[in-house]
Amino acid sequence: MSNALKSLMSEMVPAVEREMKSVLRFEEGITPDPFYGMMQYHMGWVDTDLQPTDGNGGKRIRPVLCLLSCAAAGGSWEQAVPAGAAIELLHNFTLIHDDIQDASPTRRGRPTVWKIWGMEQAINSGDCMFALAHSALYRLVERGVSPKTVVRAAKSFDHTCLKLTQGQYRDMDFETRRDVTVDEYLDMIGGKTAALLTHCGELGALIAGADDETITHYATFARELGLAFQVKDDILGIWGNEDTIGKSAATDIKTRKKTLPVLYGLSQSADLRALYEQPENGPGFVSDVVQLLDHCGARTYAETMAARYSESAIDHLEAAQPEGSAARALHDLADLLLTRQH
C-alpha cells in the first residue's frame, strides 16, 4: 500500500467508523440494547454479550472509494463522510441477509447474526440497517451538501438498492438452473458486485460538484473495477494458491459454483457438461474439471476479461482527470484490488 493511500485511509476509515457508530447508536462504555446490539455485533464493535471488542468489521473499501473519488474530483472528502457511512451500512445490510439466504454460519471468523439470534431477528436487523443506511445519507445536509444534490444522491442510492436485489435474485436463481450463460453471469455480477462500487464513484464525484461527464467517468471506473475484482476472484477460486487465499482452491468446483471460468467451460466443452450432469462428485472430479477447463481455455478467457475490465477502469479514471494525493491513492487502490492474490 502506497504512502498516499495509507495516509488518506488512516483518516477516512476512522471518520466513517465514527459516523456509522453515531447512526447505529454505539456509545463507548455503554452496553447497547439488544435491538441495536445485533447490528453493532455484525459491524464488529461488540461481542455476543454486547461488550466492546476489536472484532473484524471489514476493510471499508467501499466508503474509502467514495471519499477518494470526492477528493480527487476536487471536493472535500470530509463532506462526503455520511455518504461513505451510508454505503457501508447498505453493504452490511446485504451481508446480513446474504448469510441467511446462503445458510452461512460464520462471517469474518465469527458466528453470523442469524446463528446467534435466529433468522427472524436477523432479517429484522437487516431491514433496520437498510433504513438506517438511508438515514445516514440524509446527514449530508448537515455537512453543507445542497438539498438538490442530496435528493439526486438519494435517487441514485435507491436505484443501486434495486440493482443489488436484482443481482441477488439472479445469483440465487442460478443455483437451481443448469442453463446459465456467460452473459447472464456478467449481468448478475454487474448488479450484485459492481453496482455498489459504481455508486461509490458516482456519489463521491456528485458531492464534489463535478459535471455529469466527470461523474460518469468516476462511476464507470468504479464499475469496471468491481467487475475486474469479481472475475479475478473467480480465477483465484479455481487456480489460486491455497496458502495465499486461505481456503481450498477446489471449493468452488466441489460446490459446483457457477463462476465465469466454469460457465465459459460449460459452453465450450461437451465433456465438461457431461461431468456436471452427474448427480454426485465422483473420484477425481475436481482434477478432471480443472483439466477440462484448462483444455478449453477457460482460464485464458477469464484472465482476458479481467484484463479488459482493468484497462477500462484505468482509462475512465484517467479521463476523469483526478487531482491531488487522492488521484494517486485511487490509482494505488485500483492496483491493490486488481493485482491481489487472495
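Okay, so let's go over this structure. Everything numeric here is computed off the predicted structure, so don't read it as measured data. Think of each chain on its own: its residues are numbered from 1, step by step along the sequence as written. Per-residue local features of the predicted model are confined to residues with pLDDT of at least 70, and side-chain atom pairs are confined, for both listing and counting, to 80 or more; whole-chain, interface and lining totals are unaffected and use all residues. Heavy atoms from the whole structure form the basis of all side-chain values; hydrogens and water molecules are not counted.

1. As for the pattern of salt bridges
Put simply, the test is: When a carboxyl oxygen of Asp or Glu lies within 4 Å of a side-chain nitrogen of Lys or Arg, that pair is called a salt bridge. Going along the chain from the N terminus, every DSSP run of H or I of four or more residues is numbered as a helix, and every run of E of two or more is numbered as a strand.
Applying the stated criterion across every chain yields a total of 15 salt bridges. Note that E19 and R143 form a salt bridge whose closest N and O atoms lie 3.0 Å from each other. In this pair, E19 is assigned in helix α1 (residues 3-23) and R143 in the loop between α6 (119-138) and α7 (147-174), connecting sequence segments 124 residues apart. Linked through salt bridges whose partners overlap, the residues forming this network are D173, R177, D179 and E184.

2. What about the side chain of R256?
Going by this rule: Here's how the labels work: a residue is buried when its accessible area is under 20% of the maximum for its type, exposed when over 50%, partly exposed in between, all with a 1.4 Å probe on protein chains only. Neither His nor the chain termini are counted; the positive set is Lys and Arg, and the negative set is Asp and Glu. In protein, a polar contact requires one atom able to donate a hydrogen and another able to accept it; more generally it is a pair of N or O atoms within 3.5 Å, and residues adjacent in sequence count only if both atoms are side-chain atoms. Whether two residues are in contact is decided by their heavy atoms, any of which lying within 4.5 Å being enough.
Relative to the helices and strands, R256 is located in the loop between α12 (251-254) and α13 (260-268). Although R256 lies buried, it forms no salt bridge, and the closest oppositely charged side chain, E280, sits 6.6 Å away as judged by the N-O distance. Only 2.9 Å separates the side chain of R256 from the backbone oxygen of Q278, close enough to count as a polar contact. Apart from residues lying up to four places away in sequence, R256 is in contact with L275, Y276, Q278, P279, E280, N281 and F285.

3. As for unusual backbone geometry
Unusually for a residue other than glycine, L50 sits at a positive phi of about 65°. Position of L50 relative to the elements: it lies in the loop between α2 (34-42) and α3 (61-72). The class for L50 is buried, based on a relative accessible area of 11%. Positive phi outside glycine occurs at Q321, with the angle close to 55°. Assignment of secondary structure puts Q321 in the loop between α16 (298-319) and α17 (324-338).

4. Comments concerning α6
Rules: Given the number of residues in a helix, its expected span is that number minus one, multiplied by 1.5 Å.
Taking 1.5 Å of rise per residue, the 20 residues of α6 would be expected to cover 28 Å, and the 29 Å separating its terminal C-alpha atoms lies within 8% of that figure. Residues A122, S125, G126, C128, M129, L132, A133, H134, A136 and L137 constitute the buried set of α6. Where the residues of α6 are buried, they touch α1, α2, α4 (81-101), α5 (113-117), α7 and α9 (194-207).

5. Topic: the packing of α13 against α16
We apply this condition: Convention adopted: a line fitted to C-alpha atoms gives each axis, helices being fitted over their contacting stretch, and angles between N-to-C directions are expressed from 0 to 180 degrees. Relative orientations are named as follows: roughly parallel for angles under 35 degrees, roughly antiparallel for angles over 145 degrees, roughly perpendicular for angles from 65 to 115 degrees, and oblique for any other angle. Definitions for this section: a left-handed crossing has its near helix turned counterclockwise from the far helix by less than a right angle. A right-handed crossing has that turn clockwise. Polar here means any residue outside two lists: the nonpolar Ala, Val, Leu, Ile, Met, Phe, Trp, Tyr, Cys and Pro, and the charged Asp, Glu, Lys and Arg; Gly therefore counts as polar.
Two elements in contact, α13 and α16, have axes whose closest approach is 9 Å; the angle formed by their N-to-C orientations is 130°. When the axes of α13 and α16 are compared, the pair comes out oblique. Here α13 and α16 pass one another in a crossing that is right-handed. Between α13, through L260, P261, Y264 and G265, and α16, the contact on the second element is made entirely by A298, Y301, A302 and M305. Along the lines of polarity and charge, the residues of the contact of α13 with α16 split into seven nonpolar, one polar and no charged.

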